[in-house]
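Summary of the model geometry
Below are the chains, spelled out letter by letter.
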Amino acid sequence: GVQAAVGTQATVNFSEDSSLDWPVAGNVLLDYSMDGSIFFPTLKVYKYNPALIIGADVGSPVAAAAKGIVDSVKVDEETGTTVSMNIGNGYELTYGQLKEVSAIIADLGGNVVSVHHDRSGEVSEPSKYYCEEGSNLYFKLTKDGTPVDPFLFLGE
(Lines give C-alpha, C1' and ligand atoms only; values in the text may rest on other atoms or scores of the structure.)
Protein backbone atom coordinates (compact mmCIF):
# COMPACT_ATOMS: atom_id res chain seq x y z
CA GLY A 1 0.00 0.00 0.00
CA VAL A 2 0.87 3.66 0.14
CA GLN A 3 2.37 3.36 3.60
CA ALA A 4 4.98 0.87 2.47
CA ALA A 5 6.06 3.08 -0.43
CA VAL A 6 6.41 6.10 1.84
CA GLY A 7 8.41 4.05 4.32
CA THR A 8 10.80 2.87 1.64
CA GLN A 9 11.47 6.40 0.43
CA ALA A 10 12.05 7.65 3.95
CA THR A 11 14.81 5.15 4.66
CA VAL A 12 17.17 6.66 2.08
CA ASN A 13 17.68 10.26 3.07
CA PHE A 14 21.29 11.37 2.79
CA SER A 15 21.91 15.11 3.06
CA GLU A 16 24.80 17.54 3.41
CA ASP A 17 24.48 17.13 7.20
CA SER A 18 24.73 13.34 7.04
CA SER A 19 27.88 11.36 7.65
CA LEU A 20 29.38 8.31 6.00
CA ASP A 21 30.89 5.32 7.75
CA TRP A 22 34.32 4.22 6.55
CA PRO A 23 33.54 1.43 4.07
CA VAL A 24 36.80 -0.40 4.68
CA ALA A 25 39.66 -0.19 7.16
CA GLY A 26 42.70 1.22 5.40
CA ASN A 27 44.77 4.22 4.49
CA VAL A 28 43.85 6.61 1.70
CA LEU A 29 46.33 5.91 -1.11
CA LEU A 30 45.04 8.55 -3.53
CA ASP A 31 43.05 11.54 -2.36
CA TYR A 32 39.95 12.90 -3.98
CA SER A 33 41.06 15.79 -6.17
CA MET A 34 38.82 17.62 -8.61
CA ASP A 35 40.43 21.05 -8.31
CA GLY A 36 43.87 19.84 -9.32
CA SER A 37 45.39 16.67 -10.75
CA ILE A 38 47.26 14.08 -8.69
CA PHE A 39 49.80 11.45 -9.72
CA PHE A 40 48.60 7.92 -10.43
CA PRO A 41 51.65 5.64 -10.04
CA THR A 42 50.49 2.77 -12.27
CA LEU A 43 49.41 5.01 -15.12
CA LYS A 44 52.35 7.38 -14.56
CA VAL A 45 50.10 10.34 -15.28
CA TYR A 46 48.57 13.22 -13.41
CA LYS A 47 44.80 13.27 -13.55
CA TYR A 48 41.77 14.37 -11.60
CA ASN A 49 40.45 11.86 -9.10
CA PRO A 50 36.70 11.86 -8.43
CA ALA A 51 37.03 9.23 -5.69
CA LEU A 52 39.02 8.16 -2.65
CA ILE A 53 41.33 5.23 -3.29
CA ILE A 54 41.57 3.40 0.05
CA GLY A 55 44.21 0.71 0.41
CA ALA A 56 42.99 -2.62 1.79
CA ASP A 57 44.01 -6.25 1.59
CA VAL A 58 42.35 -8.54 -0.93
CA GLY A 59 39.33 -10.14 0.74
CA SER A 60 38.80 -7.28 3.21
CA PRO A 61 35.08 -6.84 3.88
CA VAL A 62 33.56 -3.68 2.41
CA ALA A 63 30.67 -2.22 4.37
CA ALA A 64 27.87 -0.01 3.12
CA ALA A 65 28.97 3.51 4.13
CA ALA A 66 25.38 4.77 4.17
CA LYS A 67 21.94 3.27 3.74
CA GLY A 68 21.23 2.92 0.07
CA ILE A 69 19.34 1.23 -2.73
CA VAL A 70 21.49 -0.65 -5.21
CA ASP A 71 21.22 0.97 -8.65
CA SER A 72 23.69 -1.10 -10.61
CA VAL A 73 26.40 -3.72 -10.45
CA LYS A 74 28.70 -3.60 -13.43
CA VAL A 75 32.24 -4.48 -14.45
CA ASP A 76 34.28 -1.45 -15.43
CA GLU A 77 37.73 -1.60 -17.06
CA GLU A 78 39.22 0.82 -14.55
CA THR A 79 37.31 0.10 -11.34
CA GLY A 80 36.58 -3.61 -11.82
CA THR A 81 33.34 -4.91 -10.32
CA THR A 82 31.56 -1.71 -9.34
CA VAL A 83 28.42 -1.22 -7.27
CA SER A 84 26.42 2.03 -7.38
CA MET A 85 23.93 2.87 -4.64
CA ASN A 86 21.34 5.61 -4.44
CA ILE A 87 21.54 7.02 -0.90
CA GLY A 88 18.90 9.70 -1.32
CA ASN A 89 18.40 13.32 -2.37
CA GLY A 90 20.51 13.01 -5.50
CA TYR A 91 23.49 11.47 -3.67
CA GLU A 92 25.01 8.27 -4.99
CA LEU A 93 27.87 6.14 -3.66
CA THR A 94 30.04 4.05 -5.96
CA TYR A 95 32.20 1.22 -4.66
CA GLY A 96 34.78 -0.19 -7.08
CA GLN A 97 37.46 -2.91 -7.10
CA LEU A 98 35.06 -5.39 -5.50
CA LYS A 99 34.46 -9.11 -5.58
CA GLU A 100 31.93 -11.37 -3.85
CA VAL A 101 29.05 -9.06 -4.61
CA SER A 102 26.47 -11.82 -5.10
CA ALA A 103 24.50 -10.62 -2.08
CA ILE A 104 24.40 -7.14 -3.57
CA ILE A 105 23.09 -8.42 -6.88
CA ALA A 106 20.22 -9.95 -4.94
CA ASP A 107 19.43 -6.44 -3.65
CA LEU A 108 18.91 -5.06 -7.14
CA GLY A 109 15.23 -5.63 -6.47
CA GLY A 110 15.24 -2.28 -4.68
CA ASN A 111 15.86 -3.47 -1.14
CA VAL A 112 17.45 -0.91 1.13
CA VAL A 113 20.95 -1.95 2.13
CA SER A 114 21.48 -1.00 5.75
CA VAL A 115 24.73 0.38 7.00
CA HIS A 116 25.74 -1.66 9.94
CA HIS A 117 24.89 -5.11 8.71
CA ASP A 118 25.20 -5.28 4.98
CA ARG A 119 28.39 -5.59 3.04
CA SER A 120 29.07 -4.19 -0.37
CA GLY A 121 31.38 -7.13 -1.06
CA GLU A 122 35.08 -7.70 -0.60
CA VAL A 123 38.17 -5.97 -1.92
CA SER A 124 39.39 -7.60 -5.11
CA GLU A 125 42.78 -7.88 -6.75
CA PRO A 126 43.46 -4.45 -8.28
CA SER A 127 42.54 -3.76 -11.89
CA LYS A 128 45.45 -3.07 -14.26
CA TYR A 129 44.95 0.64 -13.58
CA TYR A 130 46.08 0.20 -9.97
CA CYS A 131 48.91 -2.38 -10.08
CA GLU A 132 51.40 -0.08 -8.35
CA GLU A 133 48.96 1.20 -5.75
CA GLY A 134 47.93 -2.33 -4.83
CA SER A 135 44.54 -3.68 -3.80
CA ASN A 136 42.12 -0.96 -2.83
CA LEU A 137 38.56 0.21 -2.62
CA TYR A 138 37.47 2.83 -5.14
CA PHE A 139 34.99 4.98 -3.19
CA LYS A 140 33.10 7.76 -4.94
CA LEU A 141 30.33 10.09 -3.81
CA THR A 142 28.31 12.13 -6.28
CA LYS A 143 25.50 14.66 -5.88
CA ASP A 144 23.28 14.92 -8.96
CA GLY A 145 26.07 13.29 -10.94
CA THR A 146 28.83 15.67 -9.81
CA PRO A 147 31.69 14.28 -7.69
CA VAL A 148 31.84 15.39 -4.05
CA ASP A 149 34.75 14.74 -1.67
CA PRO A 150 33.66 11.73 0.44
CA PHE A 151 36.29 12.66 3.02
CA LEU A 152 34.18 15.65 4.08
CA PHE A 153 31.46 13.23 5.22
CA LEU A 154 33.60 10.52 6.79
CA GLY A 155 33.86 10.24 10.56
CA GLU A 156 37.10 9.66 12.38
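Preceding this paragraph is the structure being described.
Residues numbered from 1 in each chain as written. Predicted model: local features only at pLDDT ≥ 70, side-chain atom pairs only at ≥ 80, totals over all residues. Heavy atoms only, no water.

Comments concerning the overall build of the protein
Short version of the rule: In DSSP terms, a helix is any run of H or I states spanning at least four residues, a strand is any run of E spanning at least two, and both are numbered starting from the N terminus. Remark: exposure states derive from per-residue accessible area (1.4 Å probe, protein chains only) relative to the maximum for the residue type, with buried under 20%, exposed over 50%, and partly exposed in between. Working rule for contacts: check all heavy atoms of both residues, and any pair within 4.5 Å makes them a contact. Surface exposure here means Shrake-Rupley accessible area, sampled with a 1.4 Å probe, where a residue is shielded only by the protein chains that are shown.
Across its full length, the protein holds two helices and twelve strands. Within the protein, the fraction of its 156 residues that count as buried is 44%. Put simply, 67% of the contacts in the protein that link residues at least 6 apart link residues at least 24 apart. Surface accessibility of the protein: about 7900 Å² in total, with carbon and sulfur atoms responsible for 50%.

Description of the packing of aromatic side chains
So the rule is basically this: Stacked, tilted and edge-to-face are the three classes assigned to paired rings of Phe, Tyr and Trp, where Trp is represented by its six-membered ring and a pair needs centres within 6.5 Å; plane angles under 30 degrees give stacked, over 60 edge-to-face, the rest tilted. Whether a charge lies above a ring is judged from NZ of Lys or CZ of Arg, which has to be within 6 Å of the ring centre and within 35 degrees of the ring normal.
According to the stated counting rule, one finds seven aromatic pairs in the structure shown. Arranged with centres 6.1 Å apart and planes meeting at 85°, the rings of W22 and F151 form a pair that is edge-to-face. Here the residue W22 occupies a position in the loop between α1 (2–10) and β1 (28–30), and F151 occupies one in the segment after β12 (146–148), the gap between them amounting to 129 residues. With a centroid separation of 5.1 Å and an interplanar angle of 55°, the aromatic rings of F39 and Y46 are classed as tilted. The exposure class of F39 is partly exposed, given its relative accessible area of 37%. An aromatic cluster of three or more residues is present, and its members are F14, Y91 and F153. The lysine or arginine in question, K47, covers the ring of F40, its NZ or CZ lying 4.7 Å from the ring centre.

Structural notes on the nonpolar core
Where we set the bar: Only buried residues count toward a nonpolar core, which is a set of Ala, Val, Leu, Ile, Met, Phe, Trp, Tyr and Cys residues joined through side-chain atoms within 4.5 Å.
Counting 28 residues, the largest nonpolar core has L20, I87, L93, Y95 and F139 as the members making the most contacts within it. For this core, the elements supplying multiple residues, two or more each, are β4 (52–55), β6 (68–76), β7 (80–88), β8 (91–99) and β11 (136–143). Ignoring sequence-local partners within four residues, the contact set of L20 consists of F14, A65, A66, I87, L93, F139, L141, P150, F153, L154 and G155.

A word on the pairing of strand β2 (residues 33–40)
The criterion, for reference: Strand pairing requires that DSSP identify at least two bridges connecting the strands.
The pairing of β2 with strand β3 (residues 45–49) spans four bridges and is antiparallel. Looking at β3, one finds that F40 is bridged to V45. Linkage of β2 to β3, two consecutive antiparallel strands, is achieved through a turn of four residues, within which K44 is found at a positive phi near 55°.

Overview of the pairing of β8
Of all nine residues making up β8, seven are buried, and the element is well covered by its neighbours. Relative to β8, β7 is paired through six bridges, and the arrangement is antiparallel. Residue pairing across strands places M85 opposite L93, the latter belonging to β8. In sequence, β7 turns back onto β8 through a hairpin of two residues, with N89 there showing a positive phi of about 55°. Note: β8 against β11, six bridges, orientation antiparallel. Bridge assignment links L93 to a residue of β11, and that residue is L141.

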